[in-house]
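# Descriptive analysis of the structure
In case you want the letters, here they are:
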Amino acid sequence: MKNWLMPDYMFPTYDAVTPEFLKSIGVRAVLADIDNTLAPYEQAEPDDRLRGWLAGLADAGISITFVSNNGRERVELFNRTLGLPAYYKSGKPFGKNLRRAMTAMGSDKTNTVMLGDQLLTDALAGKHIGLRAIIVPPINDRRDAFTRFKRVLERPFVRRYKRKNGVEW
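Structural notes, computed from the coordinates. (Residues numbered from 1 in each chain as written. Predicted model: local features only at pLDDT ≥ 70, side-chain atom pairs only at ≥ 80, totals over all residues. Heavy atoms only, no water.)

## Considerations on the pairing of strand E3 (residues 63-67)
- The buried fraction of E3 amounts to four of the five residues, a majority that puts the element mostly inside the structure.
- By the bridge criterion, four bridges tie strand E2 (residues 29-32) to E3 in an arrangement that is parallel. Note that in E3 the partner of Val30 across the bridge is Ile64.
- For the segment spanning E2, helix H2 (residues 48-59) and E3, crossover handedness is right-handed.
- As paired elements, E3 and strand E4 (residues 86-87) share two bridges and run parallel to each other. When the sheet's bridge partners are listed, Phe66 is paired in E4 with Ala86. (Buried < 20%, exposed > 50% of the residue type's maximum accessible area, 1.4 Å probe, protein only. Helix = DSSP H or I, 4+ residues; strand = E, 2+ residues; numbered from the N terminus. Pairing = 2+ DSSP bridges. Right-handed = clockwise from strand over helix to strand, strands pointing away.)

The following block contains the structure:
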């Protein structure tokens, strides 16, 4: 399980994950968390920055599907103007809906990555089914006790990744 919590890649923001980088590692499909990865919880709809990033992925032939643990109302509102494939209440860290999403996208574990902000849900879900995990820092971290506890558990893995890869942000 230790290796399942270690991200394969870390970036300072989601849009630092460029289409060029993804193509260089053989990726043609991205499973992405929404909240705290692509937008803060309180942001109801995608902003222009996110729309630009998504357009860049599409132009490069990289498909994206949202895989969120949030409820239907939140995911559908966020995705309303985008119309991308989306799974709500996806049950991460379990991989059932990630597998369903890959089947629907026509991708597999060799050409798909999981993008998220949490090691204990996003990275674990992806790594558990053989995907590479890309982690970004949370946009606006919730300060409830459970989230603080999870972040404490994640901290050693984030430090180890940064030390091993010379990351300083």
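## Here we look at the nonpolar core
- Counting residues in each nonpolar core, the largest one holds 26 residues, and the members touching the most others are Val17, Leu22, Val30, Leu38, Trp53, Leu115 and Ile134.
- When residues of this core are traced back to their parent elements, those giving at least two are helix H1 (19-24), E2, H2, E3, helix H3 (72-79) and strand E5 (112-116).
- A per-element tally of this core places H2 first, with four residues.
- Setting aside residues up to four positions removed in sequence, Val30 forms contacts with Leu22, Ile62, Ser63, Ile64, Thr65, Met105, Val113 and Leu115.
- The next biggest cluster of nonpolar side chains, apart from the first, holds 12 residues, and it includes Ala29, Leu31, Met102 and Ile129. (Core = buried A, V, L, I, M, F, W, Y, C linked by side-chain atoms within 4.5 Å. Contact = heavy atoms within 4.5 Å.)

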